[in-house]
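# What the coordinates show
The primary structure of each chain is shown beneath.
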Amino acid sequence: MGAGHWLGSAFLATWLAASVRLSGPVLLAALGEIFAERSGVLNVGIEGTILLGALASYLAAYASGDVWLALLAGAAGGVLSGVLLAWMYVTIRASQVVAGIVFNVLAVGLAGTLYRLALGASAAPQTVAMFEPLRFPLLSGLPVLGPVLFSHAAPLYLAFALVPAAHFVLFRTGFGLALRAAGENPKAADNAGISVARMRYAGTLISGTAAGMSGGYVVLAEVGLFRETIVSGQGFIALAIVILGRWRPWTAALAAVAFGAADALQLSLQLFGAGLPPQLLLSLPYVLTILAISGLFGRSAAQPAALMQPYAPR
Amino acid sequence: MPPPWSNERASDKDRSNLAVNPQGPPFLEMRGIVKRFPGVLANNGVTLAVGHGEIHALLGENGAGKSTLMQILYGFHQRDAGDILIEGRPARIESPKQAIALGIGMVHQEFMLVHSMTVVENAVLGLNLSIRRLLDLKRAAAALQALSDRHGLAVDPHAVVGHLPVGAQQRVEIIKLLYRDVRLLILDEPTAVLTPQEKDGLFAVLRRLARDGRSVVIVTHKLHEIMEVADRVTVMRDGRVAASVRTSETSPRGLARLMVGRDVALRADKQAVARGPAVLRVENLAARDAAGETRLHGLSLDLHAGEILGIAGVDGNGQAQLAQALMQLCPVTSGRVWIGGQDVTRLSPAGRRAAGMAYVPADRRHVGSVAELSMIDNAALGTQARRARAGGLIRDEGADRGFAKALAARFSVRAAHLGQPAGTLSGGNLQKLVLGREMMREPAILIVEQPTRGLDAGAVEAVWGELLAARAGGMAVLLISADLEEILNLADRIAVMSGGRIAGTLPAAHASAERLGLMMAGAPAPDAQPLAAVEASA
């Protein structure tokens, strides 16, 4: 196919389908991160958590061949990471950014070591079982719409189903109200009989679980392999999605699809040979992330007022 | 339309025959309460009784033990000895949650509200923590509306708390407690953040609650407010109860004597001083706060030698930014400043100090001093180079010590020794140290911000005396204070700030608390004169 046809319908369908597919892992991680940040914890450690979740999923899939069990293993890896992170953020009251970054460095070393211990140092990379794309009668066969919406693996639909669920828990339950109060004014929450520490542990653990599953998603639905570089900044992209999504699940879903589109654009353009240097295209999602995180667009009033502020009761 | 509570106050000063059952036990009794903190006996056998439907004032200076007593009652602290009885039955109160379950609630000086949430969300906060139980905000809102109507609180359940004025936020705190069906409300310094009119509204609400059979405890040091609203007053001094009396049987002077332990002058002794030339001129000053919000919108003023210009206003109306902008301590976006005839608009804080300005900030512990450094070092700060040797390179510690000694003597700063860290000084002594340090430089202009906030009566007398002495010595004093009493006692002219602007300026002789209160609320005073006219008449 020549460079001249790169805006054709084949390109469009490929690009949009990839946009939706690639938005899945970052959406999952971002949904969890919303809970952490709403409780007052900036969980920078999700980058490392995604990596450890990916490793856990890979090893479980390698051992059992069962993709659902492997996805659960990813979540379990995320919970373990979350416990350590929450202990540093909430109990120790360490600087959240420093603790998160240190954890990310630790996670890279740990993942590499565990991988080599489990598979032997010289083993060639081995693929594992992956989620198959679901087929919907009639729908999957539709032109453009079929590949874009009705040809994905189960975890993607799970991620999008969690959007209304997250919204409901945050805004319609007593737990969600208490969690948000802990992130907005921990003193007032404490005074109202809410344990700020418990809320922040809950937020961080939800974030860890989601990030672990996000790592499993990458292995089980996208790559089928494990490498230490597999996560490549998806955690930071999730942080940016939370900011662009104004700490709300629905808008975060929109932002996640936008990031997926940016990521997919560079893949599709390379595939269809648009003639642009691939390095430039590769950097697109990261440039967006830096812009979002830098606060270049001003600090949002939607940001939880006590974000990143450790709280010591009385 | 005025809120329902605003025109409801004249009727009932006499509440002595209300629903109190004289045979039954009072709602609350605290007996022989003892509380020790390391090195301090905060409560030493304190007894307090509050009847049903009674408004009870708890009066005392800072450190007298009234906060400790209330924190014990609210479950923040545990008593070392003594009994608490609720309606005659002994009670254990180990947490605020237990206190609320027993019908005791507290409105803290610093409100415990989540600004981004609505009134109803704030009210139900913490009552229902389960993820399985859904929020029924509609029902809660209806209940709040009913409470608001019944008690004349004028609170909209669906309003976002952060958008409400301070007085309304205080009523949100009250409605939160009523929603939990609290029988005794503790209010800690409730009028500190209110205009006089808002204060009247609050008192009307409290009277209604009392008529409803609920009890109220107000923690305060404002004598006139106690006389106005309370049925009884318990005065604390040095961790003990000095007296517990009916307000109808005492006077402000009597209460002051009980509180301090000796006679105190409630009025400053102000001599007439001839006003000198204008030494500070400010034109159209605008400034932002640290968060980037504009807090000062084009403010102009003149300050003369030998006068005290009082800046009155409810806290948070730009007074802090005015002081900081004058010292170039916050982002100034426009406007010009002259000292004498010299344009200092572009000068740094150091440049302005050199040009004759001095500043005593409101936060004497964190801004006005370095808590970890000794009194000597703190006294020397800013003028150390004057006493240095070798062309300013080497500090002359002997000279610094002598300077600190002279300062402590002249301003009667009481301390164990001069090497004592400034942070260990009492509020009054620290303030005298900071004020003295600035006055020893003999500046032309002295900016003082909340100079007596949190000080005991003796220290207030001393600080007022120093400010009047500075004025008599020809200094130009800009007195920024949220305490109307202080402004009315000291100032020659009074400018009222509201919303980052000067709402009007009055000669002190024409000012009264009521009139200033209207201007503080932002209402243009009917006959407030522009600055020029005041000057012409003065």
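Residues numbered from 1 in each chain as written. Chains lettered and ligands numbered in written order. Predicted model: local features only at pLDDT ≥ 70, side-chain atom pairs only at ≥ 80, totals over all residues. Heavy atoms only, no water.

### Quick word on the overall build of chain B
Our working definition: Strands are runs of DSSP state E lasting at least two residues, helices are runs of H or I lasting at least four, and both sets are numbered from the N terminus onward. Throughout, radius of gyration means the C-alpha value; the globule benchmark is 2.2 Å times the number of residues raised to the power 0.38. To sort residues, take the accessible area from a 1.4 Å probe on protein chains only and compare it with the maximum for the residue type: under 20% means buried, over 50% means exposed, and anything in between is partly exposed.
Looking only at helices and strands, chain B features 17 helices and 20 strands. Taken over the C-alpha trace, chain B has a radius of gyration of 25 Å; the compact-globule value for 538 residues is 24 Å, and the two agree within 12%. In terms of overall dimensions, chain B has a C-alpha envelope of 75 × 50 × 50 Å along the principal axes. A burial count over chain B gives 52% of its 538 residues as buried.

### Overview of the pattern of salt bridges
Heads up, the condition is: Should a side-chain nitrogen of Lys or Arg be within 4 Å of a carboxyl oxygen of Asp or Glu, the pair is scored as a salt bridge.
Considering all chains together, one arrives at 25 salt bridges over all chains under this definition. Within this structure, Arg150(B), Asp181(B), Arg183(B), Asp212(B) and Arg214(B) form a network of salt bridges that share partners.

### Quick word on the packing of aromatic side chains
Any pair of aromatic rings gets described here by the distance separating the centres and the angle formed by the planes. Operational definition: By convention, a stacked pair of Phe, Tyr or Trp rings (six-membered ring in the case of Trp) has centres within 6.5 Å and planes under 30 degrees apart, an edge-to-face pair has planes over 60 apart, and any other such pair is tilted. Lysine and arginine charges are scored as sitting over a ring when NZ or CZ, respectively, is within 6 Å of the ring centre and within 35 degrees of the ring normal.
Counting across every chain of the model gives eight aromatic pairs over all chains. With a centroid separation of 5.0 Å and 80° between ring planes, the pair formed by Trp68(A) and Phe131(A) is classed as edge-to-face. Residue Trp68(A) is found in helix α3 (residues 67-91), and its partner Phe131(A) is found in the loop between α4 (96-119) and α5 (145-149); the two are separated by 63 residues along the sequence. Through a chain of ring-to-ring contacts, three or more aromatic side chains come together here, namely Tyr58(A), Tyr62(A), Tyr115(A) and Phe226(A). Over the face of the ring belonging to Trp338(B) we find Arg281(B), whose NZ or CZ atom lies 4.3 Å from the ring centre. Between Arg387(B) and the ring centre of Phe403(B), over which it is positioned, the NZ or CZ distance is 4.2 Å.

### Quick notes on the sheet that holds strand β4 (residues 81-86) of chain B
All names here are of chain B. Keep this limit in mind: A pair of strands is labelled paired if DSSP reports no fewer than 2 bridges between them. Whether two residues are in contact is decided by their heavy atoms, any of which lying within 4.5 Å being enough. To get an axis, fit a line to the C-alpha atoms, keeping to the stretch in contact for a helix; angles then go from 0 to 180 degrees between the N-to-C directions.
Sheet architecture is open: four strands sit in the order β2-β1-β4-β5, paired in antiparallel fashion. Looking along the sheet, the strands with just one partner apiece sit at the ends: β2 (40-50) and β5 (89-90). Across the sheet, helix α1 (residues 66-73) touches β1 (28-37), β2 and β4, and the angle it forms with β1 is around 115°.

### Comments concerning helix α8 (residues 252-260) of chain B
Residues and elements named next belong to chain B. Inspection of α8 places Gly 254, Leu 255, Ala 256, Met 259 and Val 260 among the buried residues, and these make up the whole buried set. Packed against the buried residues of α8 are β3 (55-60), α7 (223-229), β9 (232-237), β10 (240-246) and α14 (457-472). Within two residues after α8, Gly 261 carries a phi angle of roughly 95°, on the positive side.

### Some points on the interface of chain A and chain B
Applicable threshold: Two parts lose some accessible area (1.4 Å probe) when they are put together, and adding that loss for both gives the buried area. We define a polar contact as two N or O atoms separated by no more than 3.5 Å, with the added condition that, inside protein, one atom must be a possible hydrogen donor and the other a possible acceptor, whereas residues neighbouring each other in sequence contribute only through side-chain atom pairs. Put simply, Ala, Val, Leu, Ile, Met, Phe, Trp, Tyr, Cys and Pro go in the nonpolar bin, Asp, Glu, Lys and Arg in the charged bin, and everything else, Gly too, in the polar bin.
Across the boundary between the two partners, chain A contributes 20 residues, which contact 22 residues of chain B. Of the roughly 1900 Å² buried where chain A meets chain B, counting both sides, 64% is carbon and sulfur surface. Where chain A touches chain B, the interface holds two salt bridges. Measuring nitrogen to oxygen at the nearest pair gives 3.1 Å for the salt bridge that ties Glu110(B) to Lys187(A). Counting every contact that joins chain A to chain B gives six residue pairs in polar contact (both at pLDDT 80 or more). Where the side of chain A that touches chain B is concerned, the elements lending two or more residues are α6 (154-172), α7 (174-184) and α8 (186-191) of chain A. Broken down by class, the residue content of the side of chain A that touches chain B amounts to 10 nonpolar, five polar and five charged.

### Comments concerning a nonpolar patch on the surface
All names here are of chain A. Put simply, the rule is: The patches described consist of residues with a relative accessible area above 30% and no salt bridge, like charges being joined within 9 Å and nonpolar side chains (Val, Leu, Ile, Met, Phe, Trp, Tyr) within 5 Å. Using a 1.4 Å probe, the Shrake-Rupley method yields the accessible areas, and only the shown protein chains count as cover for residues.
Residues Leu 84, Trp 87, Ile 92, Leu 106, Leu 110, Leu 114 and Leu 117 make up a contiguous nonpolar surface patch of roughly 660 Å² in combined accessible area. Of all the elements in the fold, those that place two or more residues in the nonpolar patch are α3 and α4. Along the polypeptide, Leu 117 turns up in helix α4. On the basis of relative accessibility, which here comes to 68%, the residue Leu 117 falls in the exposed class.

### Focus: helix α10 (residues 234-244) of chain A
All names here are of chain A. Across the 11 residues of α10, eight count as buried, placing the element largely inside the fold. Inspection of α10 places Gln 234, Gly 235, Ile 237, Ala 238, Leu 239, Ala 240, Ile 241 and Val 242 among the buried residues, and these make up the whole buried set. Looking one or two residues beyond α10, the residue adopting positive phi is Arg 246, at roughly 55°.

### Some thoughts on the domain arrangement of chain B
Frequently, the measure chosen for interface size is the accessible area that the parts lose on association. Residue and element names in this part refer to chain B. To keep things clear, this is the line we draw: Where a domain begins and ends is set by an automatic assignment or by a domain database.
Each domain of chain B was delimited in the assignment, giving domain 1 (13-260) and domain 2 (278-356 + 443-537). Computed from C-alpha atoms alone, the centre-to-centre distance between domain 1 and domain 2 is 34 Å. The interface is formed by nine residues belonging to domain 1 together with 14 residues belonging to domain 2. When the two sides are added together, the surface that domain 1 and domain 2 hide from each other amounts to roughly 790 Å², 62% of it contributed by carbon and sulfur. The largest per-residue losses of area from domain 1 upon contact with domain 2 belong to Thr 195, Pro 196 and Gln 197, which jointly make up 44% of the total buried on that side. Our enumeration of links across domain 1 and domain 2 arrives at one residue pair in polar contact (both at pLDDT 80 or more). Classifying every residue of the side of domain 1 that touches domain 2 gives four nonpolar, four polar and one charged.

### Quick look at the sheet that holds strand β15 (residues 342-343) of chain B
Residue and element names in this part refer to chain B. Sheet architecture is open: four strands sit in the order β12-β11-β14-β15, paired in antiparallel fashion. Lying at the two open borders of the sheet, with one neighbouring strand each, are β12 (294-304) and β15. Lying on the sheet, helix α9 (residues 319-326) is in contact with β11 (278-288), β12 and β14 (332-339); it crosses β11 at an angle near 115°.

### A closer look at the pairing of strand β7 (residues 184-188) of chain B
Residue and element names in this part refer to chain B. Summarising burial for β7: five of the five residues are buried, a large majority. Covered by surrounding structure in β7 are Leu 184, Ile 186 and Asp 188 together with Leu 185 and Leu 187, the residues of both alternating faces. Two elements, strand β6 (residues 104-107) and β7, share four bridges in a ladder whose sense is parallel. Considered in β7, the bridge of Val 107 is made with Leu 187.

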